Amino acid sequence: QKQILPNGFVYVKTVAPNIDVELRYYSTHNFVGDTIIGYKANTLIVTKPTAEALKKVQDELADQNLCLRVYDAYRPQRAVNHFITWAKDLDDKRMKDEFYPEVEKRHLFRDGYIASRSGHSRGSTVDLTIIDANTMEPLDMGSPFDFFGEASWIAHQDLTELQKKNRQLLQSIMQKHGFRNYPKEWWHFTLRGEPFPNTFFDFVVQ
Ligand SMILES: C[C@@H](N)C(=O)N[C@H](C)C(=O)O
Ligand SMILES: [Zn+2]
């Protein structure tokens, strides 16, 4: 059941229907290992200018037979609260090997890999990568989405030439269309001049 969104928010499907959506926090394939509270559908919601900027990125990638895959966008505060509760249970390390093998669980917030007040809740931040439009396989970025560690830092140098080229493509096309990156996560971008810079929303994703 779709809801009426707060003013200024849109379903990305209505603006850029070809963007591939794989909301990891709606699935169990994420660093918690469970569906996250507040995600009730694989539905992408962002602010209107963010959707319009994403459409421009998508259109430019489509010309190269490439496509955006979005892993997370608007994130309700209750989902962030779920992350905070999960982080307090230091015995639950189910997903450590895949998502944070080199970082202590108790340091994930301190080290900036997860935020207790996240830009995602303001509706203009996205986690995404580029996929091949034919095979639907993600380009090799040198580390997977939500791999918390130095291999995901933008400045990380221990990468193949192809991985560097793929990261550069993602960084440059996102910057070109108005997004700024986050130095510790190659997949995380926030729209410059976002419309709700001080509001952390809490409606569910459905
Ligand atoms: C958890 C990860 N996908 C992410 O978005 N991290 C940043 C720091 C955030 O939580 O805002
Ligand atoms: Zn993010």
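So, here is what we can say about the structure in this document. (Residues numbered from 1 in each chain as written. Chains lettered and ligands numbered in written order. Predicted model: local features only at pLDDT ≥ 70, side-chain atom pairs only at ≥ 80, totals over all residues. Heavy atoms only, no water.)

### Remarks on the pairing of strand β7 (residues 185-191)
Every regular strand shows the same layout, with side chains that alternate between the two sheet faces.
Stage number 1. Counting buried positions over the seven residues of β7 gives seven, a clear majority of the element.
Stage number 2. In this structure, strand β5 (residues 125-132) lies alongside β7, joined through three bridges in antiparallel fashion. Across the sheet, the residue bridging to Asp-127 is His-188, located in β7.
Stage number 3. Relative to β7, strand β6 (residues 179-182) is paired through four bridges, and the arrangement is antiparallel. (Buried < 20%, exposed > 50% of the residue type's maximum accessible area, 1.4 Å probe, protein only. Helix = DSSP H or I, 4+ residues; strand = E, 2+ residues; numbered from the N terminus. Pairing = 2+ DSSP bridges.)

### Points about the nonpolar core
Among soluble globular proteins, nonpolar side chains are generally buried collectively.
Stage number 1. Counting 56 residues, the largest nonpolar core has Phe-31, Val-126, Leu-128 and Met-174 as its most contacted members.
Stage number 2. For this core, the secondary structure elements donating two or more residues are β1 (9-11), β3 (45-47), α1 (48-62), β4 (66-72), α2 (77-88), β5, α4 (161-176) and β7.
Stage number 3. Ranked by residue count, the leading element in this core is α1, at five residues. (Core = buried A, V, L, I, M, F, W, Y, C linked by side-chain atoms within 4.5 Å.)

### Notes on the coordination of the zinc ion (ligand 2)
Stage number 1. On the protein side, the zinc ion (ligand 2) has His-120 (NE2), Asp-127 (OD), Asp-127 (OD) and His-188 (ND1) as donor atoms, found 2.0 to 2.7 Å from it.
Stage number 2. Counting residues between consecutive donors of the zinc ion (ligand 2) along the chain gives the motif H-x6-D-x60-H. Here the residue His-120 occupies a position in the loop between α3 (96-99) and β5, and His-188 occupies one in strand β7, the gap between them amounting to 68 residues. There is no split in this pair, since His-120 and His-188 are both buried. (Donors = N, O, S within 2.8 Å, 3.2 Å for Na, K, Ca; no water.)

### Notes on unusual backbone geometry
Stage number 1. Look at Asn-65: it is not a glycine, yet its phi comes out positive at around 60°.
Stage number 2. Topologically, Asn-65 is positioned in the loop between α1 and β4.
Stage number 3. Overall, the relative accessible area of 37% leaves Asn-65 in the partly exposed class.
Stage number 4. One non-glycine residue, Asp-146, lies in the positive phi region at around 60°.
Stage number 5. As for its position among the elements, Asp-146 is in the loop between β5 and α4.
Stage number 6. Among the residues examined, Asp-146 registers a relative accessible area of 2% and is labelled buried.

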